[in-house]
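Report on the structure
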Amino acid sequence: MTLPPNLSLLVHRDPELMAQAAAARLITAIVDAQAAGGSASVVLTGGRNGNGLLAALAGSPARDAVDWGHVDLWWGDERFLPAGHPDRNYTQACQALLDALPLDPARVRPMPASDGPPGDDPEAAAEAYAAELADAPGPFDVLLLGVGPDTHVASLFPGHPAVRVTDRTVVAVREAPKPPPTRISLTLPAIRSARQVWLLAAGADKARAAATALAASDAVEAPASGAFGTRTLWLLDQAAAAELPELPATTA
Ligand SMILES: O=C1O[C@H](COP(=O)(O)O)[C@@H](O)[C@H](O)[C@H]1O
């Protein structure tokens, strides 16, 4: 298996170790970005692997190495539900980690809720988030993506019209194949603007998706294959790596 030079792949023993290693890596990336430029911008993902990383970060004493007041947080996608709904990615991130951090509330930018200022209109909510993003200084330092069992990333699902959108940074997603059906997502061009894109895949149900995405070049059919940044890192556990033709790099 040959990987492009700006793409790396690491395989950890199990989901717990993968989450801890990814959390340690994220702490280091944030500290490095702050040392270089005074602040760091991170795009969070929802899902089991994304929330596992946040929970691991919450339990890491090294999290105190970060100046959390100078971290900008964005989201890669959101389930378009009322504020506080337990299925919202923002709600889950708050429970897993954010409520425990001394963040600057002005630097935390969840995607709008369905009862938020733009109203119960996902297109208006997507436009409002795109306007917020347009004011963001510079590219994202780290953009996290969970990989779904069907190769979806953020809320870009295989074959769905949203995965083809290239004329804006944020898109409304209707009739998503995974509940809830109405969502908001960064587009592939917005994802590709990040300095680092990290794709998280742990668990046997991600094995086919990882093998498909790493072999494929059709981002419409396998959105994870179209998700890359200036540098791209796939973080897997052994179960998710089981169907890769060959493991170019392995860690414990
Ligand atoms: O619905 C979503 O699913 C993906 C993947 O979630 P997982 O539980 O299969 O790891 C997630 O990355 C995305 O943010 C979320 O909205």
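The model shown is predicted, which means the values in this text are computed figures rather than measured ones. Sequence positions are assigned chain by chain, starting from 1 and proceeding in written order. At least 70 in pLDDT is required for a residue's local features to be given in this predicted model, at least 80 for side-chain atom pairs to be given and counted, and no such filter applies to totals for whole chains, interfaces and linings, which use all residues.

Comments concerning the sheet that holds strand β6 (residues 170-173)
Our working rule: Following DSSP output, two strands are said to pair if at least two bridges run between them. By definition, any uninterrupted DSSP run of H or I lasting at least four residues is a helix, any uninterrupted run of E lasting at least two residues is a strand, and each is numbered from the N terminus. As a rule, the C-alpha atoms of each element are fitted with a line to give its axis, helices using only the stretch in contact, and angles between N-to-C directions run from 0 to 180 degrees. We call two residues in contact whenever the C-beta atoms placed from their backbones are within 7 Å.
Spatially, the three strands line up as an open sheet ordered β4-β7-β6, and their pairing is antiparallel. Single-partner strands in this sheet number two, and they are β4 (77-79) and β6. Going from strand to strand, the sheet's axes swing by 15 degrees on average, the running direction of each strand aside. Looking at chain direction, β6 and strand β7 (residues 183-186) are connected through four bridges and run antiparallel. If you follow Val173 over to β7, its bridge partner there is Arg183. Along the sheet, helix α4 (residues 122-134) makes contact with β6 and β7, crossing β6 at roughly 165 degrees.

Details of the nonpolar core
Counted only if it meets this: In this usage, the nonpolar core is the set of buried Ala, Val, Leu, Ile, Met, Phe, Trp, Tyr and Cys residues whose C-beta atoms join them within 7 Å. The burial label depends on the number of other C-beta atoms within 10 Å of a residue's C-beta. Counts of 20 or more mean buried, 12 or fewer mean exposed, and intermediate counts mean partly exposed, with C-beta atoms placed from the backbone.
Counting residues in each nonpolar core, the largest one holds 77 residues, and the members touching the most others are Leu199 and Leu200. Top element by residues in this core is helix α1 (residues 15-37). It accounts for seven residues. Contacts of Leu199, omitting those with residues within four sequence positions, involve Leu145, Val147, Val153, Ala224, Ala227, Trp234 and Leu235.

Brief notes about the UniProt feature "domain: Glucosamine/galactosamine-6-phosphate isomerase" (unreviewed entry) in the chain
The criterion, for reference: UniProt positions are given in the numbering used here, feature names are shortened, and annotations may be inferred rather than shown by experiment.
Following the UniProt record, one finds the feature "domain: Glucosamine/galactosamine-6-phosphate isomerase" (unreviewed entry) at residues 14-228. Between the end C-alpha atoms of residues 14-228 the distance is 24 Å, and the span holds 33% helix and 15% strand.

Topic: the pairing of strand β2 (residues 40-44)
Side chains on a regular strand alternate between the two faces of the sheet. Selection rule: By the criterion used throughout, a crossover qualifies as right-handed when its path from the first strand across the helix to the second strand runs clockwise, the strands pointing away from the viewer.
Across the five residues that make up β2, a large majority, four, are buried. The pairing of β2 with strand β3 (residues 71-75) spans five bridges and is parallel. Paired with Ser41 across the two strands is Asp72, which belongs to β3. Assessed by its sense of winding, the connection that carries the chain from β2 through helix α2 (residues 47-58) to β3 is right-handed. As defined by bridge partners, β2 adjoins strand β5 (residues 142-146) across two bridges and the pair is classed as parallel. From the neighbouring strand, Val42 faces β5, where its bridge partner is Val142.

What to know about the sheet that holds β2
Strands sit in the order β1-β9-β8-β5-β2-β3 across an open sheet of six strands; the sheet is parallel. Strands at the two margins of the open sheet, each flanked by one partner only, are β1 (7-12) and β3. For this sheet, the mean inter-axis angle between neighbouring strands, taken without regard to orientation, is 20 degrees. Docked against the sheet, α1 engages β1, β2, β3, β5, β8 (196-201) and β9 (231-237), running at close to 155 degrees with respect to β9.

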